[in-house]
Structure formats: structure tokens, C-alpha cells
Amino acid sequence: MNRYKRHIALSEIGQAGQNKLLKAKVLVIGAGGLGCPILQYIAAAGVGTIGIIDLDTVEISNLQRQVLFGSASIGLNKAEAAKIRLQDLNNTISITSYPKKLTHQNAITLFKNYDIIVDGTDNFETRYLINDAALITNKPVVFGAIYKFEGQVSVFNYKNGPSYRCLFSNQQEKEQSGNCGDVGVLGVLPGIIGSMQANEVLKIILDIGNILSGKLLIYNALNYQTTVLKINKSEAEISKVLDKKDSFKTKTSSFNCTSEVRKISIAEALKKKNIQLIDVRETSETPKIDSIAITSIPLSDLENNLDKIDLKKEIILFCQSGKRSKQAVSILKQLNINNCFSIKENSSEIKKHLENI
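Residue positions within a chain follow its written sequence, with the count starting from 1. The predicted origin of the model limits local features to residues at a pLDDT of at least 70 and limits the giving and counting of side-chain atom pairs to 80 or more, whereas totals for whole chains, interfaces and linings rest on all residues. Note that water and hydrogens are dropped before the side-chain values are worked out from all heavy atoms of the structure.

Participant: Would you mind going over the side chain of S97 with me for this structure?
Facilitator: A run of DSSP states H or I qualifies as a helix once it reaches four residues; a run of E qualifies as a strand once it reaches two. Both are numbered from the N-terminal end. As for its placement among the helices and strands, S97 is situated in strand β3 (residues 94-98). Per-residue accessibility, obtained with a 1.4 Å probe over protein chains only, is compared with the maximum for each type, and a residue is labelled buried under 20%, exposed over 50%, and partly exposed between these values. Taking the relative accessible area as the measure of exposure, S97 reaches 18% and is therefore buried. Not counting the four nearest positions on each side in its chain, S97 is found in contact with I52, A79, E80 and K83. Contact between two residues is taken to exist if any of their heavy atoms lie within 4.5 Å; hydrogens are not considered.

Participant: Is there a simple way to think about the sheet that holds strand β7 (residues 215-220) in this case?
Facilitator: Backbone hydrogen bonds are what pair the strands of a sheet, in a parallel or an antiparallel way. Read across the sheet, eight strands follow the order β3-β2-β1-β4-β5-β6-β7-β8 without closing on themselves; strand pairing throughout is mixed. The open sheet has two edge strands with one neighbour each: β3 and β8 (226-230). Neighbour to neighbour, the strand axes of the sheet diverge by 15° on average, direction disregarded. One bridge is not enough; two strands pair if DSSP finds at least two bridges between them. Examined bridge by bridge, β7 and β8 share five bridges and lie antiparallel to one another. Residue Y219 lies in a different strand from β8, and its bridge partner there is T226. Simply put, an axis is a line fit to the C-alpha atoms, just over the touching stretch for a helix, and the angle between two N-to-C directions goes from 0 to 180 degrees.

Participant: Whenever I open this one, the sheet that holds strand β11 (residues 295-296) confuses me. Can you help?
Facilitator: Reading across from one edge, β9-β13-β12-β10-β11 is the order of the five strands in this open sheet, with parallel pairing throughout. Sheet topology places β9 (263-264) and β11 at the edges, where each strand pairs with a single neighbour. Inspection of the sheet shows β9 paired to strand β13 (residues 340-343) by two bridges, in the parallel sense. Residue K263 lies in a different strand from β13, and its bridge partner there is S342.

Participant: What should I look at first to understand the pairing of strand β10 (residues 275-279) in this one?
Facilitator: Successive side chains on a regular strand alternate, one facing one side of the sheet and the next facing the other. Across the five residues that make up β10, a large majority, five, are buried. The two faces of β10 match: I275, L277 and D279 on one face and Q276 and I278 on the other face are all buried. As paired elements, β10 and β11 share two bridges and run parallel to each other. When the bridges of β11 are listed, D279 appears paired with S296.

Participant: What is the right way to look at the packing of aromatic side chains in this model?
Facilitator: By convention here, two paired aromatic rings are described through the distance between centres and the angle between planes. The pairing test for Phe, Tyr and Trp rings, Trp by its six-membered ring, is centres within 6.5 Å, and the orientation test on the planes gives stacked under 30 degrees, edge-to-face over 60, and tilted for anything in between. Under the defined criterion, the tally for this structure stands at seven aromatic pairs. Aromatic side chains Y128 and Y164 sit 5.2 Å apart centroid to centroid with 70° between the ring planes, which places their arrangement in the edge-to-face category. Of the two residues, Y128 sits in helix α6 (residues 124-137) while Y164 sits in helix α7 (residues 164-167), which places them 36 residues apart along the sequence. Assigned by exposure class, Y128 and Y164 land together as buried.

Participant: Could you clarify how one ought to interpret the packing of helix α3 (residues 35-45) against helix α4 (residues 78-89) in this entry?
Facilitator: To characterise two packed helices, one gives the angle between the axes of the helices and the distance between these axes. As a packed pair, α3 and α4 sit with axes 9 Å apart at the nearest point and diverge in direction by 30°. Classed by the angle they form, the pair α3 and α4 counts as roughly parallel. Here α3 runs over α4; the crossing is right-handed. Contacts between α3 and α4 pair L39, Q40, A43 and A44 from the former with A82, L86 and L89 from the latter. The residue classification treats Ala, Val, Leu, Ile, Met, Phe, Trp, Tyr, Cys and Pro as nonpolar and Asp, Glu, Lys and Arg as charged. All others, Gly included, are polar. Partitioned by chemical class, the residues of the contact of α3 with α4 number six nonpolar, one polar and no charged. Roughly parallel refers to an angle under 35 degrees, roughly antiparallel to one over 145, roughly perpendicular to one between 65 and 115, and oblique to any angle outside these ranges. Definitions for this section: a left-handed crossing has its near helix turned counterclockwise from the far helix by less than a right angle. A right-handed crossing has that turn clockwise.

Rendered as C-alpha cells:
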């Protein structure tokens, strides 16, 4: 066990903890930007059984952030290329690659073979599929997401905690949160967020620390701003999934798009006659926008400041990148506040537009 002596030296882990890691079984869905650091760290830590599922092949544009791969990997299936690299990193553990797409037909069977599911995907459809299959098989999900310079981490379905559907009750438009190829991403960001996900995996296995269950951690790589939001459990959303578990394998798509977030440009918003602009960034974030009346309600404290929202007006929300404002709209809609929009542009673009009016 010389390989793990730095772990074993920790009183919180020791030999008993290292044995827990060896017995653990973790399935990582997606061997892309998030999956690469997740896989590297859980393999190096000695997680005994690791599954990797990914249908995609390695492209040269992936090498900017998917650090498991090199030029020799281009054209190879990501799951299989990752397995080759990880076996070299740690040849004492068992690694299985699944070079295929996760579907309703295979998810339940796959999930039953593992203790923890790790979501390294980049689209809403697969996230709902992962969540629902995990609920049915009673598996925790370590979730991560990235967008430009901002990332999120949470743990769902952990010891009867909230699920992904408790945060996003219905599927959003696919364009709402584009993948890296659509909008770009800072190369180091998935490394940071993926490492946080790996940390949650190890904490769950070792039963140490505070798990991000019922919490959504939001990290901004530009200013090191970190926000933790509370996620309330919705028994109704969870019941909807479990009540239909018998028909799960027959589905090709079960997602409801009727609760999509409405988006609007700053130019379109200013043409409206009766609006309230709400900044859901933390108060310390820049750039400051003070050329027009704006209400500041950080997303982390939104539900505690509903009295600041003028329900007689159309609510226009914005943030640093556009991601948190969409989450704010989703939260308000769950509270039956439906006259709200998310501004498409980020805060810098909004400031520039207002200064040029």
C-alpha cells in the first residue's frame, strides 16, 4: 500500500478508509472536460472499480481542457482512451469502458452495478436521464456543470436528499445552457470543477466532511467568487419519477419543455414600459451598473427577499454570465412568479449597452 501512504497517514482515512476506496464502485458518465479530472483523481486515489461511459471520440479541440488525452488519442473513443491512460496511472484497480450512449434502455442495468454515479455531461436531456435512473436505483449523483468562466457542483439523491429535478423541475431549452463547443470555456475551469466533483466522490465513500447535498456550489473563475445556494427537496418531483419507474426503459424522451426560461436582450427589455431590473450577482461582483435603477438581490438570498420584487412589473434578471439569472427565473416560476425574463447578455455587455444609449 505504499502507493497510498499519504492517504493512510491521514487519521480521517487510515488503512480502513483506503480499504473503503478499494471496495467502492463509481460510474463516471462522460470522459470530457469534467470527466477527465474526475477519473484521474478517483483512479489515483484507489477507487477499486471505475466505469466510464462515453460514445464520443477525441478531437484536437478537446486537448485544450481534456487533460487525460494527447495527440495520440485523437480519433479514439473517449471511454477507451481514458481507460488506457488510467490503467497506466493505476494498474491495481479495475476499469471498464462503455463506448456507447447512455439511454433509458441501458441506464438502470448500468447503475445497479455501481455505488456512486458521477455526472460529467453537458446537456439537460442526459442530466434528467441520469437523475431519474439514479432515483429508481437509489444511487447518489455527483453533479457538475460548466459555462464559460463559471461552474457548479452538487450532490443529488444522497441519503434521501434533493434530486436534480428539485433544482430544475422541467427540462429547459437545449439552447439555454450550450455546451463547450457552442459557447466556449476557459480550459482550466473543468479541471477545477471536476476536481471538486472527485472530492465529493471521495468524501461520500469515506463518509467524511460535509457533502454538498441540498446545496449548489457556484464558482466563478474570473474573480474567485464562490456562492452556495440551498436546494429544497420536492417530494412531488421525486414521486413523479418513481411513480413511472415501470415504464422508464420504454422511453426515448420524457422531458417537459413547457417551463422553459424566457430570455430577452437588454435592448428588448428597455423597450418595455413597466419593468424591474434585478441584479442577482453577489454585491461584491463587478462591473457595477449604476446608470439605471437596479434592484440587487443575490441569487443566494433570492427566496428571502421576495418582498423586494414588484409583482406588478415585468421582472428582468441578469448576472455575470447569464447562468444564475436563468436559475433565478426557474426559482421564481416555481413560486408562481411567472412574469420574469433572463437577460441574454452578461453584465459587461449590459453595462456597455447602457453607457451607449
